[in-house]
Amino acid sequence: MILSIETSCDDTSMAVTDIKKLKLLLNCKKTQEAFHSPHGGVVPELASRLHLDALCQQLEMVKPFFVQLKAIAVTTNPGLSITLLEGLNCAKALCVALKLPLIEVNHLKGHIYSLFIEKKARMPLTVLLISGGHTMLLEVQNFTDIHIVVTSYDDSFGESFDKVAKMLGLGYPGGPIVERLATHGDKNRFNFPVPLQNSGKIEFSYSGLKSAIRVQIETLKKQSGLKEQDKKDLCACFQKVAIRHLTLKCKQYFNKQLGANKVLKSHFAIVGGASANMKVREAFEKLGEDFGFSMSYASLPFCSDNAAMIGRAAVEQFRLGKFASLHKSTVATKAIF
Ligand code: KG4
Ligand code: ZN
């Protein structure tokens, strides 16, 4: 079995995965959302201290598995350095105490492998990764051959939901709150421009849309104050345009990928915290119908950060014999593939 640890942002999680059966045996997770919500975003110092506390509690839960462990896996990149360090230090201590090898896991590979916690692995795969830290289109041949097609050059998809929620004073994380309010809003009231609508370039950008929302909020405040219905309408209009940008850029990519036989070469999947958004799923189901591809997602508990996905990715590394040196292992804020 592998014990995996995830502390890259504001969720503390530990999981135990059976290597041979690829079976998740235990997944504990403690989210810190309530602590960060009053600040409208994650406060790294606070997150780090909360991880320290939660890791101790979770160690008690995974203790019964200690005798059966073959390795300790931990997220080492990308993420907040001071929270990653909490997980890494805990993992190193366990490696020393239990005389086990260390496996360093890339958090983004973890999100990709969240697809295979409950289902059989399927590759090659085109993956749209939408989280708080990233918006990426990836071509995944196998565990070690991952090509980044495009990434966002400013804010990420999830981050833009967080920032809109903050501007509207709705709390953190913004994604689920904005999605919920949007269901009661008029998505046609405001006409925000779809980012890079007239550009053939396949790239993501969300800061322009965020600024347009800010201007609209200021205008409403000056006119007659920001009312509850205004917030709902803003959420609905923002969400519609944010998703339209995603589908537009993916559509351009699919059109490029379509060969002479007009068939997409690989299976398509959406992963990351924001893949829990039902409007995103609906929009891509529709795109799938147009392009004739079927789609995969992780089940909802495995969309947002968790150690089960880190454990699943770690199994691949265990099989490849990719272990890290305890002395050299460190964390990185950028992704290392
Ligand atoms: O993958 P994740 O848990 O953490 C990172 O790796 O960043 O993703 C968290 C992000 C947050 O920005 C959150 O607002 C967003 O995912 N998110 C959503 C939804 N649920 C979570 N964004 C849009 N709609 C949602 N339903
Ligand atoms: Zn994540």
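Relevant structure appears above.
A.B. asks: How would you explain the side chain of serine 114 if you had to name every residue and give the values?
C.D. replies: Residue position: serine 114 is located in the loop between helix H4 (107-113) and strand E6 (125-130). Ignoring any residue separated from it by four or fewer positions in sequence, one finds serine 114 in contact with Val271, Ala298, Phe302 and Met309.

A.B. asks: Quick rundown of the nonpolar core? Include the residues and the values.
C.D. replies: One finds Leu128, Phe157, Phe268, Ile270 and Phe284 to be the most contacted residues of the largest nonpolar core, which totals 46 residues. Mapped by element, the contributors of at least two residues to this core are E6, helix H5 (157-167), helix H6 (174-182), helix H7 (207-224), helix H8 (228-257), strand E9 (267-271), helix H9 (278-291) and strand E10 (295-297). The greatest single-element share of this core, amounting to 12 residues, is contributed by H8. Leave out the neighbours within four places in its chain, and phenylalanine 268 touches Leu125, Thr126, Leu128, Leu137, Phe254, Phe284, Phe293, Ser294, Met295 and Ser296. Ile112, Leu115, Leu129 and Met309 belong to the second-largest nonpolar core, a separate cluster that totals 33 residues.

A.B. asks: Tell me about the packing of aromatic side chains, and please be specific about residues and values.
C.D. replies: Under the defined criterion, the tally for this structure stands at 13 aromatic pairs. Each ring, one from tyrosine 113 and one from phenylalanine 116, has its centre 5.4 Å from the other, and the planes form 80°; the classification is edge-to-face. A relative accessible area of 5% means that phenylalanine 116 is categorised as buried. Measuring from ring centre to ring centre gives 5.2 Å for phenylalanine 254 and phenylalanine 268, while their planes differ by 85°; the resulting arrangement is edge-to-face. Linking phenylalanine 254 in helix H8 with phenylalanine 268 in strand E9, this pair joins segments that are 14 residues apart in sequence. Taken individually, phenylalanine 254 and phenylalanine 268 each receive the classification buried, so the pair is uniform in this respect. Directly above the aromatic system of phenylalanine 143 lies the positively charged group of lysine 109, at a separation of 4.1 Å from the ring centroid.

A.B. asks: Tell me about the environment of leucine 98, and name the residues and values.
C.D. replies: Inspection of the secondary structure assignment puts leucine 98 in helix H3 (residues 81-98). With 29 residues separating them in the primary sequence, leucine 98 and leucine 69 have C-alpha atoms 8.6 Å apart.

A.B. asks: Which residues make up the coordination of the zinc ion (ligand 2), and what values go with them?
C.D. replies: Within the protein, His107 (NE2), His111 (NE2) and Asp305 (OD) serve as the donor atoms for the zinc ion (ligand 2), at 2.0 to 2.1 Å. Donor residues binding the zinc ion (ligand 2) come from one chain and are separated in sequence as H-x3-H-x193-D. Here histidine 111, found in helix H4, pairs with aspartate 305, found in the loop between E10 and helix H10 (307-320); they are 194 residues apart in sequence, far enough to count as distant. Residue classification places histidine 111 among the buried residues on the basis of a relative accessible area of 0%.

A.B. asks: Account for the site of ligand 1, with residues named and values stated.
C.D. replies: Around ligand 1 lies a shell of 20 residues, among which Gly132, Asp162, Glu179, Gly273 and Asn277 are the nearest. A distance of 3.1 Å is found between an oxygen atom of ligand 1 and a side-chain nitrogen or oxygen belonging to histidine 111. Separating an oxygen atom of ligand 1 from a backbone N or O atom of glycine 133 is a distance of 3.2 Å. The protein chains hide 89% of the 560 Å² of surface that ligand 1 would expose on its own. Residue assignment for the shell around ligand 1 shows that the elements contributing at least two residues are H4, H5 and H6. Across the shell around ligand 1, the residue classes break down as 4 nonpolar, 12 polar and 4 charged.

Here is what the cut-offs are and how they apply
Residues numbered from 1 in each chain as written. Chains lettered and ligands numbered in written order. Predicted model: local features only at pLDDT ≥ 70, side-chain atom pairs only at ≥ 80, totals over all residues. Heavy atoms only, no water. Helix = DSSP H or I, 4+ residues; strand = E, 2+ residues; numbered from the N terminus. Contact = heavy atoms within 4.5 Å. Core = buried A, V, L, I, M, F, W, Y, C linked by side-chain atoms within 4.5 Å. Buried < 20%, exposed > 50% of the residue type's maximum accessible area, 1.4 Å probe, protein only. Phe/Tyr/Trp six-rings, centres within 6.5 Å; stacked < 30°, edge-to-face > 60°. Lys NZ or Arg CZ within 6 Å of the ring centre and 35° of its normal. Donors = N, O, S within 2.8 Å, 3.2 Å for Na, K, Ca; no water. Near = heavy atom within 4 Å. Polar contact = N/O pair within 3.5 Å; in protein donor to acceptor, adjacent residues only side chain to side chain. Areas by Shrake-Rupley, 256 points an atom, 1.4 Å probe, with all protein chains shown as cover. Nonpolar A, V, L, I, M, F, W, Y, C, P; charged D, E, K, R; others polar.

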